[in-house]
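For reference, the chains in residue letters:
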Amino acid sequence: MPLDPLRAARLSRRTVLAGTAGALGALALPGVATAATADWSRAVVDSTMKRWTPATLGGWGYTRGLYLYGQYLVYRRTGEKSYLDYILAWYDRFVTESGISNGFTNLDAMRSGQMFPLLYTETGQAKYKTAADQLRRRFPSYPRTSDGGMFHATSKTGQLWADGVYMAQPFLALYGTTFGDAGYCHEEAAKNVIVYFDRLKEPGKGLLYHAYDEDGSEPWATGAGRHSKFHWARAIGWLGMTAIDLLEILPAGHPRRRRLVEIVRFLAAGYTRWQDRASGRWFQVVDRAGDKDNWLETSASAMYTFLLSRAVERGHIGAEYGPVAAKGYRGVLSQVSTGPDGLTDIANISEGTNVGDSAYYYGRKRNTNDFHGLGAFLIMNEQLAR
């Protein structure tokens, strides 16, 4: 099977910790994570499995799919069969021998489908390919902007949200590799990331706006660019992780690889510019650190750290970004702790978020163990903590 993102080599733990060990040692408080004390991926997965059974984990949706993809990465490293069994039990609530009953009327509904090709590869069970085929067949008729960007939802005519590419395009690219449909799938996935990026980029800051509306009819879409006004952290993280994932999947000669690398370089420079120097993390609205109500958010910080680390490792960006990743890792680990019940907690994760103004972003709930953050943490930690 061609190289998939799960088998990618990782930036070594020793390399990362060389830049963080002293700082983490200074932060060592009772119950707070340090880089060398535990396998924090196992701790997060074990704690989550104790808190929720597959039946109580929640319904079909992108946050559970994100988390379970992270758990799958931990399974692939550890070989812990109970981790895979848990994932299969959750998916089998929705997938039958006939596939899955879902209209896929929005990109969010597609994210959990990322696991279909992976579960088929793991188990050989035809039902996972059937479900994957159903999702694949949705793409040609899914509505798009005039330049080919998939609407965030069929009800959100002409709208591109930076979140959306991560929900759909990694599945599409992986499907193409797994099932011999690379021509359409690789091209369509890469094109969408590029269209989204071109509509949302802010070159002066090295950041992305949260959303774009093709006809400018949304109240948040003003000005010539017809995009929203704010640089919301997690939206930027979603698009960055998509670019990295596609670079793992697309063959070396694919004509869109160069643009994807350019996107990664653009974001790496922006992440570096706006990283909070004291904490190593990033703010909810990335470029407005001075606003008193703004706050440092964990899931986006994990996403940015993942991109920087993987991009250095792959040679997409220079080694000078390694210390930025190391500082980000330190910052994310500062939000991990062990509670009185012995279970692991991750704090300061933004709840699900739509497009809004600064007060809306600042006012989002700062959750502990929100699945946005649990999933992003596992993806980051499996890249870094080896």
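Residues numbered from 1 in each chain as written. Predicted model: local features only at pLDDT ≥ 70, side-chain atom pairs only at ≥ 80, totals over all residues. Heavy atoms only, no water.

Colleague: Just to check I follow, could you spell out the packing of helix α6 (residues 115–123) against helix α8 (residues 164–179) for this structure?
Modeller: Angle between the axes and distance between the axes are the two parameters that describe a pair of packed helices. The geometry of α6 relative to α8 is characterised by a closest axis approach of 8 Å and an angle of 30° between their N-to-C directions. Between α6 and α8, the contacting residues are P117, L118, Y120 and T121 on the first element and F171, L174, Y175, T178 and F179 on the second. Partitioning the contact of α6 with α8 into residue classes produces seven nonpolar, two polar and no charged. (Axes fitted to C-alpha atoms, helices over the stretch in contact; angles between N-to-C directions. Helix = DSSP H or I, 4+ residues; strand = E, 2+ residues; numbered from the N terminus. Contact = heavy atoms within 4.5 Å. Nonpolar A, V, L, I, M, F, W, Y, C, P; charged D, E, K, R; others polar.)

Colleague: How should I be thinking about α6 in this particular structure?
Modeller: Within an α-helix, residues lying three or four positions from one another point in the same direction, as the helix has 3.6 residues per turn. Along α6, the positions that sit buried rather than exposed are M115, F116, P117, L118 and L119. Where α6 is buried, its residues contact α4 (62–78), α5 (81–91), β1 (95–96), β2 (99–100), α7 (126–138) and α8. (Buried < 20%, exposed > 50% of the residue type's maximum accessible area, 1.4 Å probe, protein only.)

Colleague: In this structure, what is going on with the nonpolar core? I would like to understand it.
Modeller: A general tendency of soluble globular proteins is for nonpolar side chains to be buried together. Y91, L260, I263, L267, Y304, L308 and F377 are the most contacted members of the largest nonpolar core, which has 127 residues in total. Take this core: its biggest share by element is 11 residues, from helix α10 (residues 233–249). Those residues in contact with F377 that sit more than four places away from it in its chain are W40, S41, V44, A302, V332, L333, V336 and I346. (Core = buried A, V, L, I, M, F, W, Y, C linked by side-chain atoms within 4.5 Å.)

Colleague: What should I look at first to understand the packing of aromatic side chains in this one?
Modeller: In this description, an aromatic ring pair is defined by two values, namely the gap between the centres and the angle between the planes. The full count for this structure, using the stated rule, is 23 aromatic pairs. Both rings, one in W90 and one in Y91, keep their centres 4.9 Å apart while their planes meet at 80°; by these two values the pair is edge-to-face. Aromatic side chains W282 and Y304 sit 5.0 Å apart centroid to centroid with 70° between the ring planes, which places their arrangement in the edge-to-face category. With W282 in strand β7 (residues 282–283) and Y304 in helix α12 (residues 298–314), this pair connects stretches of sequence that are 22 residues apart. Put simply, the rings of W60, W90, Y91, F94 and F116 pair up and form one aromatic cluster. The ring of Y69 has R111 sitting right over it, with the charged end atom 5.3 Å from the ring centre. (Phe/Tyr/Trp six-rings, centres within 6.5 Å; stacked < 30°, edge-to-face > 60°. Lys NZ or Arg CZ within 6 Å of the ring centre and 35° of its normal.)

Colleague: Where do I start with the side chain of T145 in this structure?
Modeller: Structurally, the position occupied by T145 is in the loop between α7 and β3 (159–161). For T145, a relative accessible area of 5% corresponds to the buried category. Reaching out from T145, the side chain makes a polar contact with the side chain of D147 at a distance of 2.5 Å. Ignoring sequence-local partners within four residues, the contact set of T145 consists of F151, G158, L160 and E214. (Polar contact = N/O pair within 3.5 Å; in protein donor to acceptor, adjacent residues only side chain to side chain.)

Colleague: Explain the pattern of salt bridges to me, please; I cannot follow it from the model alone.
Modeller: A side chain with one charge may pair with a side chain of the opposite charge, provided their charged atoms come close. Applying the stated criterion to the full structure yields 27 salt bridges. R77 is paired through a salt bridge with D39; the nearest N and O atoms lie 3.0 Å apart. In this pair, R77 is assigned in helix α4 and D39 in the loop between α2 (21–27) and α3 (40–51), connecting sequence segments 38 residues apart. Residue classification places R77 among the partly exposed residues on the basis of a relative accessible area of 28%. The salt bridge involving D92 is made with K127; its shortest N-O contact spans 3.2 Å. Of this pair, D92 sits in the loop between α5 and β1 while K127 sits in helix α7, and the two are 35 residues apart along the sequence. Each member of the salt-bridge network shares a partner with another, and the members are D39, R42, R77, E80 and E382. (Salt bridge = Lys/Arg side-chain N within 4 Å of Asp/Glu carboxyl O.)

Colleague: What should I look at first to understand the environment of M110 in this one?
Modeller: Summarising the element assignment, M110 is placed in the loop between β2 and α6. Here the alpha-carbon distance between M110 and G61, two residues 49 residues apart in the chain, equals 8.0 Å. In contact with M110, not counting residues within four places along its chain, are F104, L135, R138, F139, Y142, M167 and A168.

Colleague: Just to check I follow, could you spell out the environment of T53 for this structure?
Modeller: Take T53: it is sitting in the loop between α3 and α4. By relative accessible area, which is 41% here, T53 ends up partly exposed. For the pair formed by T53 and W90, sequence separation is 37 residues and the distance between their alpha carbons is 8.5 Å.

Purely spatial values, then, with no claim about function.
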